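Structural characterization, general
Read off the chains here:
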Amino acid sequence: MKKERKLLIITALICIVSLAVMSAALIISGKKGEKMDFTPPPFDGNAVQGIPNVPEQLGWGEIDAQVYKASVCGVVIPDGDTADIWFTNPESNTVWLKLRVLDSKGNMLGETGLIKPGEYVQAVTFGKVPGEGDTIRLKLMAYEPETYRSAGSTELTTTVTGGTTG
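Let me sum up the structure you'll find in this document. (Residues numbered from 1 in each chain as written. Predicted model: local features only at pLDDT ≥ 70, side-chain atom pairs only at ≥ 80, totals over all residues. Heavy atoms only, no water.)

Details of the nonpolar core
Basically, it comes down to this: As used here, the term nonpolar core means buried Ala, Val, Leu, Ile, Met, Phe, Trp, Tyr and Cys residues forming a set that is joined through side-chain atoms within 4.5 Å. For every residue, the accessible area obtained with a 1.4 Å probe (protein chains only) is divided by the maximum for its type, and the residue is called buried under 20%, exposed over 50%, and partly exposed between those limits. The way it works is that DSSP assigns letters per residue, a run of H or I at least four long becomes a helix, a run of E at least two long becomes a strand, and they are numbered from the N terminus. Residues are treated as being in contact if the distance between any of their heavy atoms lies within 4.5 Å.
Residues F87, L97, L99, V101 and F126 are the most contacted members of the largest nonpolar core, which totals 24 residues. Counting residues per element, this core draws most heavily on strand β9 (residues 135-143), which supplies four residues. Excluding residues that lie within four positions of it along the chain, F126 makes contacts with V76, P78, D81, T82, A83, V101, L109 and G110.

Notes on the sheet that holds strand β7 (residues 108-111)
Think of a sheet as strands paired side by side through backbone hydrogen bonds, with each pair either parallel or antiparallel. Selection criterion: We treat two strands as partners when DSSP finds at least two bridges between them. Here the axes come from fitting lines to C-alpha atoms, over the contacting stretch only for helices, and the angles between their N-to-C directions go from 0 to 180 degrees.
Pairing in this open sheet of four strands is antiparallel, and the strands run β7-β6-β9-β10 from one edge to the other. Taken across any chain shown, the strands that pair with only one partner, and hence form the sheet edges, are β7 and β10 (150-159). Each strand axis lies, on average, 20 degrees off the axis of its neighbour in the sheet, ignoring direction.

Details of the pattern of salt bridges
Note the cut-off: We define a salt bridge as a side-chain nitrogen of Lys or Arg found within 4 Å of a carboxyl oxygen belonging to Asp or Glu.
Following the criterion strictly, the structure yields three salt bridges and no others. Where E111 meets K98, a salt bridge forms, and the shortest distance between an N and an O atom there is 2.7 Å. You can see E111 sitting in strand β7 and its partner K98 sitting in strand β6 (residues 96-103), a full 13 residues away along the chain. Close ionic contact of E111 with R100 constitutes a salt bridge, the shortest N to O distance being 2.9 Å. Residue E111 is found in strand β7, and its partner R100 is found in strand β6; the two are separated by eleven residues along the sequence.

A closer look at the side chain of N93
The cut-off we apply is this: Identification of polar contacts relies on pairs of N or O atoms within 3.5 Å, with a donor-acceptor requirement for protein atoms, meaning one able to donate a hydrogen and the other able to accept it, and with residues adjacent in sequence counted only if both atoms are side-chain atoms.
Inspection of the secondary structure assignment puts N93 in the loop between β5 (82-89) and β6. Residue classification places N93 among the buried positions, given a relative accessible area of 8%. A distance of 2.6 Å separates a polar atom in the side chain of N93 from a polar atom in the side chain of N89. Other than its neighbours up to four places away in sequence, N93 contacts Y68, K69 and P117.

This is the structure:
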């Protein structure tokens, strides 16, 4: 009887310690998993409604990301701290789009604000202007209206033509 009582006490202590360890683990992992505040990206103040008339030499073409479509120039020619990209969100889309220009290491060089279906932005402004021959990535990001949930992203890699060495 004494032996059974000792075994029961030891088992109860092991259960209590296990519960304490599991509780501590849940509390600690809960703090790590806390969501950071999300600041929705702003809409682009330079967005224009309609379909742009883009110079042929800029390589403007449509990208089909299956969930959405977009059009952008594949030829990027910096002019001062901007470049015409004619980033377009077709009216047939149901998502908001924005575009980021990244260098080959993934550092952001510039970005547009959000544009709604049926809008386009002619140019992107650079924080750091890429130089001629630099490889850049045009990252298109899609958001569900109102909720800002991601609707996916896609990238186009291109090389800068002309511009400032940076």
